[in-house]
Structure formats: C-alpha cells, structure tokens
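# Commentary on secondary and tertiary structure
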Amino acid sequence: MIISGKELSARLKADMAAEVATFPARYGRVPHLAVILVGEDPGSVSYVTGKAKASAEVGIRNTTIRRPDTISEEELLGIVAELNADAGVDGILVQLPLPRHISEERVIAAIDKAKDVDGFHPLNVAALWQKQPCTLPCTPKGIIKMLKAAGVELAGREAVVVGRSNIVGLPVAKLLLDENATVTVAHSRTRDLAEVTRRAEILVVAIGRPKFVTADMVAEGAVVIDVGVNRDPETGKLCGDVDYAAIEPKASVITPVPGGVGPMTICCLMENTIECFLRTRK
Ligand code: NDP
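A brief look at the structure comes next.

Calculation criteria
- Residues numbered from 1 in each chain as written.
- Predicted model: local features only at pLDDT ≥ 70, side-chain atom pairs only at ≥ 80, totals over all residues.
- Heavy atoms only, no water.
- Helix = DSSP H or I, 4+ residues; strand = E, 2+ residues; numbered from the N terminus.
- Rg over C-alpha atoms; globule rule 2.2 N^0.38 Å.
- Contact = heavy atoms within 4.5 Å.
- Areas by Shrake-Rupley, 256 points an atom, 1.4 Å probe, with all protein chains shown as cover.
- 1 Å grid on protein atoms, 1.4 Å probe; cavity = no way out; pocket = protein on both sides within 12 Å on 5 of 7 lines; lining within 4 Å.
- Points joined across faces, edges and corners; volume = space filled by probe spheres on them.
- Nonpolar A, V, L, I, M, F, W, Y, C, P; charged D, E, K, R; others polar.
- Pairing = 2+ DSSP bridges.
- Axes fitted to C-alpha atoms, helices over the stretch in contact; angles between N-to-C directions.
- Salt bridge = Lys/Arg side-chain N within 4 Å of Asp/Glu carboxyl O.
- Buried < 20%, exposed > 50% of the residue type's maximum accessible area, 1.4 Å probe, protein only.

## Here's the deal with the overall build of the protein chain
The helix and strand tally for the protein chain stands at 11 helices and 10 strands. Its C-alpha radius of gyration of 19 Å places the protein chain within 12% of the 19 Å reference for a compact globule of 282 residues. Each principal axis of the C-alpha distribution contributes one length, and for the protein chain these read about 55 × 40 × 40 Å. Excluding contacts between residues fewer than 6 apart, the proportion of contacts in the protein chain whose partners are at least 24 apart in sequence is 70%. Accessible area for the protein chain stands at about 13,200 Å²; split by element, carbon and sulfur atoms hold 53% of it.

See the structure below:
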C-alpha cells in the first residue's frame, strides 16, 4: 500500500476549506498566517510558495513578508514583535534556515507561543514532551495522521526513527511513544544501523541522504515513512532517504517522495493555523 500524502492532504484541506468558509459569519474573519522569508534560497522560496498556495486552497489569509538576507537579527526580531502584537495575525512562521548571522533559536523563541504554527517554540516543545496541550510540529503530526489514515496499528509495535533532529526525528519519536509504540531512535553514531532498522515494524527515516536506506535494511512487511527530500545525484530528480524502487515491493505500507510526507506537512500547517485562530476565539 502506498500512502499518498497528496491525496490525503487534498481531502483534509477540502474539509478545512468548508470549515473556514463558516468563519466570517461566526467570527468576523478568516485565520491569517504571516510567513517571513529571509533571502532567496530556492528551497525556501518553493516551500513558502507551497504554503501560500495551500492557504489559498483552504481560505486562510496568507501574508508573505520577504526580506533580503542582509537583514539584521534586530530588524527581524522587530518584524516578529510587530506580528506578535497584531491581533489580526493568528500564525507566524519564519522560514528556516536563516542566514548564519541570525540566531534561529532567538528568533523562534521571540514568536508568541500562541502564534507559533510550526510548534518550534521552546514552550511548545516542552508541552509536547510533558503531554500538555500544544501546537504540534507539522511534519511529525502529518506522519501520525498518515499512519492512522492507512490503518497502521501503532500500540505495542516496534518503531525505529532514523534521525534525531528537533524538527522531525525527536518529536516524531515522542508522538510514536504517545501512541504506545516501542521506539528506538537511531542516528549517525548508531552502531550497525542495518541491524537496528531491520527490527522495525514501523520505520521512519529523516536523515537527508538520497536513497540511503537500502532494501537489505528493511524487514519484509515493514511500514516505511520516508521524510527525506533530496536531489538524486544521478537523475537530478527529487528523491527520499529510502531506495523506494527497491523497498516498495518489500514494504506493507510506504510513502513516496515527492507526494508523501511533504504535502502532509503543509496540510498540518494549515490545521495549526486554524487551531491557533480558534484558540484565541474561545
Ligand atoms: P537534520 O540534518 O537536522 O538531521 C539529520 C539527522 O539524520 C541527524 O540526527 C543525523 O544524526 C542523522 N543522520 C545523518 N546521517 C546519518 C547516517 N548516515 N546514519 C544515521 N543517521 C544519520 O535533518 P532534518 O531532520 O531537518 O531533515 C531530514 C530530512 O527530512 C531532510 O532531507 C529534509 O529535507 C527532510 N525534511 C522533510 C520535511 C517534509 O515535510 N517532507 C520536513 C523537514 C525535513 P546526528 O544527530 O548523529 O548528526
């Protein structure tokens, strides 16, 4: 079974659009997402364009604030402060990565927790790890939605997450734990990675290396979630962290790249924006 994040996200966005259409009558306006893009990194530009497109589909107002990569940290913090104070803005997203002279940590921490639609603010991260209500980071949230939509049983099962970043690996491991999976987190210092990944009934890979996970590293019948977004060095096309062609026949469930986790991430960003909007209304 191939889980199409493209199709699932299209269905979820249609449901959200129907809900958002009722907001002007109920609340006087639609949710408003402000996205800050610093510089012109092609990857970042394409992510920001995707977020604007999804906002339009769902009926969310989207403002993209573009600044050159020469902007100072102080100026950027000034923009964040203005958006924090603006009652007409419900969600704030600073597209990462930021130029080296700007501290991502400081900028993220400056965003009002209630408007942190990425779920990266330290208070949201703390709330996640303490099982308190919070805004969940979009990619891990999307992964759990995909697994549930595919009817994958998580409780009691052996899950292996490869990658331990703050934005994907660690939070997805926590969400899998919350679903009562038995979770192993592997990383670049893991000894005999293939032996660890072969134990996985559910394998989530988020490392950023094209086709790194080969068929011999995956158990027959495993559920494989490929988070990676890479350029195939041979073809120049987008590819994931797993060797899809070789693993698809072995896996019971797998996500493609593109069209898998990526669209679900943007879909969850829309959901988070609506959640932030509704929280301040209630
Ligand atoms: P990071 O670079 O922040 O983290 C990579 C992780 O992979 C690290 O924990 C690193 O280990 C581990 N790793 C690297 N090489 C190996 C290796 N050879 N063996 C085992 N582990 C390894 O990446 P991100 O988590 O931000 O992103 C991962 C991938 O997911 C990227 O391709 C990114 O583009 C993609 N991505 C996709 C999203 C989507 O919506 N589809 C959203 C976010 C990211 P260590 O900690 O030891 O260095």
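## A closer look at the layout of surface pockets
Of the voids in this model, the second largest pocket is the one considered here, and its volume is about 400 Å³. Around the second largest pocket, the lining comprises 16 residues; the ones closest to its centre are I108, F120, V125, N166 and I167. For the lining of the second largest pocket, the secondary structure elements donating two or more residues are α5 (104-110), α6 (122-129) and α8 (169-178). Its residues assigned to classes, the lining of the second largest pocket comprises 12 nonpolar, 2 polar and 2 charged.

## A short note on the sheet that holds strand β7 (residues 223-226)
Pairing between sheet strands relies on hydrogen bonds along the backbone, with the strands arranged either parallel or antiparallel. Pairing is parallel in the open sheet, where 5 strands are placed in the order β5-β4-β6-β7-β10. Here the strands that pair on one side only, and so sit at the sheet edges, are β5 (182-186) and β10 (253-254). When β7 meets β10, the two strands line up parallel, connected through 2 bridges. Looking at β10, one finds that V223 is bridged to V253. Packing against the sheet, α8 makes contact with β4 (158-162), β5 and β6 (202-205), and its axis sits at approximately 170° to β4.

## Some details on the pattern of salt bridges
If you walk through the whole model with that rule in mind, you get 14 salt bridges. In this structure, E195 and R199 form a salt bridge, with 3.4 Å as the shortest nitrogen-oxygen distance. Across the pair R279 and E275 runs a salt bridge, and its minimum N-O distance is 3.7 Å. Within this pair, R279 and its partner E275 are both found in helix α11 (residues 261-281), separated by 4 residues, close to a single helical turn. Assessed through its relative accessible area of 42%, R279 is described here as partly exposed. Among the ionic contacts, a cluster of salt bridges with common partners joins K141, K145, E271, E275 and R279.

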